[in-house]
Every structure is written in C-alpha cells, then in structure tokens.
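A look at the structure
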Amino acid sequence: MRDEELIAAIRTGDGTARELLARRYYADLYAYFCSRIGREDAEDLTQVTLLHTVARVERFREESTFRHYVFSVARRVLFERHRKSQRRLDTEEPGSEPPAMQTSPSERMFRAEFREQLVDAIASLHDHYRVVVDLYLRGADNFEIAKALDLEYNTVRSRLSRGLSSVRRQLAPWVGSHARKHVPSGPISTSA
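Just so we're clear, the structure is a prediction, and the values are computed from it rather than from any experiment.

With that settled, the discussion passes to the confidence of the model for the protein. Across the protein, pLDDT averages 79, with 80% of residues at or above 70. Element-level mean pLDDT values for the protein span from 76 in helix α5 (residues 105-123) up to 91 in helix α1 (residues 3-11). When the criterion is pLDDT under 50, residues 182-192 qualifies, and its contacts beyond four places in sequence or with other chains add up to zero contacts.

The following block contains the structure:
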C-alpha cells in the first residue's frame, strides 16, 4: 500500500494501517538519527518523530509527500535536541561534567566566539536573505519558509543558497585563523 492509502485508512480508524506506516519509516528514521547523533539517542528521537507524525497523522495536510513531512519533523526534532543540549552546555558550571566529558575553557570560548561571528554574519545579510536563513536555522524547511513568507519555493531555495554562501564566505577567514591555531605544527603521521 502507498502512504496515501495507509493515511486514508488511519483516518477511518484502522490501527493496523498506523502500525504499517510506523514500521515503514522506523528504519529510515533510525538510520537518519544514528548518522547524526549516534545510536544511544537515535531510538528516542525516532520514537518522538513517529509520535509527531504517524500517531498524529491528522496534522498532515498533504502539501508534500508524507516522507517529506516525516523528515521535516525529524529535522526539527534533531534541531530541538541540539538546541537543548547547547543551552545545557551554556548553563552548566565548570566542573559539573565528568572529567572525561568536560569541555575545555578554550573550546567554550571558541564556541561562544563562533556564535557571535555567526550572528554577526547573519545580521549583515540583506533582509530578504536574512529572514530566510534565520527561519532555516530555526528548523523550518523550504516549503514552510515559502508558505510563511508567501514566496515561491524556488525563490526560497535561491535566497537560502545565496544567504548561506555569504555567511560561509564571511566566516571563512575567522574559521581559518582559528583552525590554524589548533593544527599541529609538525608532520602528521597517518600510521597508527
């Protein structure tokens, strides 16, 4: 059965169709999360995504494919996890992490400086690029941005591409200068 047929069956109360749809996306979602955060949290985020999509299929408005919808939600779930992790790192007192997991002061300073540089780079963009980049970094996909800003999808893609390219160009000298500080000065051996 196609996704559309399963969704129609779910909307008529068919619990078996809901189970089939969840099984269809479970492995792909799990692989998606594993490749980004590792196995330890992938199971939880897969379940959260399935709860937001398959368990609440009535929210799906059929403006795109169901697969696109599922992975848009997965990206937002991942973004939210990263945001919460970052907030936790920013508010933790030094020494509150286990010694092996502690972030060094220089690493914390690097992250704080990078965030400042990123915010400045985004702020320097022309308004129509900045708004699209900001929405994208907050977890919105291109379709959602197009709808929110009443723009054509291809316009969003173009503005996002140009905006992100500009941000990368602006950050390149800063990243390059900081990367050189952390690279060993001697020859690098590839042998173990």
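Next comes the rest of the description.
The volume enclosed by the second largest pocket comes to roughly 300 Å³. Taken together, 15 residues line the second largest pocket, and the ones lying closest to its centre are R61, E63, S64, Y69 and E144. In terms of residue class, the lining of the second largest pocket is built from four nonpolar, three polar and eight charged.

What follows is about the nonpolar core. L21, Y25, L29, F33, F66 and F71 are the most contacted members of the largest nonpolar core, which totals 27 residues. When residues in this core are grouped by element, the largest group, nine residues, is from helix α2 (residues 15-37). Within the second largest apolar cluster, 13 residues are counted, among which are A121, V132, L160 and L164.

Per the counting criterion, the structure on display carries eight aromatic pairs. Ring centres of Y26 and Y30 lie 6.1 Å apart, and the angle between their planes is 10 degrees; on these two criteria the pair is classed as stacked. Highlighted residues: Y26 and Y30, both in helix α2, separated by four residues, approximately one helical turn. Relative accessible area serves as the criterion here: at 27%, Y26 is assigned to the partly exposed category. Both rings, one in F66 and one in Y69, keep their centres 5.8 Å apart while their planes meet at 45 degrees; by these two values the pair is tilted. In this pair, F66 and Y69 are both assigned in helix α4 (residues 66-91), three residues apart and thus about one turn of the helix distant. For the pair F66 and Y69, one class covers both residues: buried. Every member of this aromatic cluster is reached through a ring pair, and the members are Y25, F60, F66 and Y69.

The next thing to look at is the environment of R11. Structurally, the position occupied by R11 is in helix α1. The sequence separation of R11 and E58 amounts to 47 residues, and the corresponding C-alpha distance is 7.1 Å. Within the structure, R11 has its side chain in polar contact with the backbone oxygen of V57 (distance 3.2 Å).

Thresholds, definitions, all that
- Each residue is numbered by its place in its chain's sequence as written, counting from 1.
- Only residues with pLDDT of at least 70 get local features here, since the model is predicted, and only at 80 or more are side-chain atom pairs given and counted; chain-wide, interface and lining totals rely on the full set of residues.
- The side-chain values count all of the structure's non-hydrogen atoms but skip hydrogen atoms and water molecules.
- Confidence of the predictor at the level of single residues is given by pLDDT, which spans 0 to 100.
- Numbering goes from the N terminus for both helices and strands, where a helix is a DSSP run of H or I of at least four residues and a strand is a run of E of at least two.
- Here, residues are in contact when the closest pair of their heavy atoms is within 4.5 Å.
- Here the term cavity refers to a set of points on a 1 Å grid, laid over the protein atoms alone, in which a 1.4 Å probe fits but cannot get out; the term pocket refers to an open set having protein on both sides within 12 Å along at least five of seven lines, with lining residues being those that place an atom within 4 Å of a point.
- Grid points are joined across faces, edges and corners, and a volume is the space filled by probe spheres set on the points.
- Residue classes follow a fixed rule: Ala, Val, Leu, Ile, Met, Phe, Trp, Tyr, Cys and Pro count as nonpolar, while Asp, Glu, Lys and Arg count as charged, and any other residue, Gly among them, counts as polar.
- By nonpolar core we mean a set of buried residues, namely Ala, Val, Leu, Ile, Met, Phe, Trp, Tyr and Cys, connected to one another through side-chain atoms within 4.5 Å.
- Partly exposed describes any residue whose relative accessible area lies between the buried limit of under 20% and the exposed limit of over 50%, with all areas from a 1.4 Å probe on protein chains only and scaled to the type maximum.
- Each pair of aromatic rings taken from Phe, Tyr and Trp, with Trp reduced to its six-membered ring, is defined by centres within 6.5 Å and is described as stacked if the planes are under 30 degrees apart, edge-to-face if over 60, and tilted in the remaining cases.
- Two N or O atoms form a polar contact when they lie within 3.5 Å of each other; inside protein one atom must be a possible hydrogen donor and the other a possible acceptor, and for residues adjacent in sequence the pair counts only when both atoms belong to side chains.

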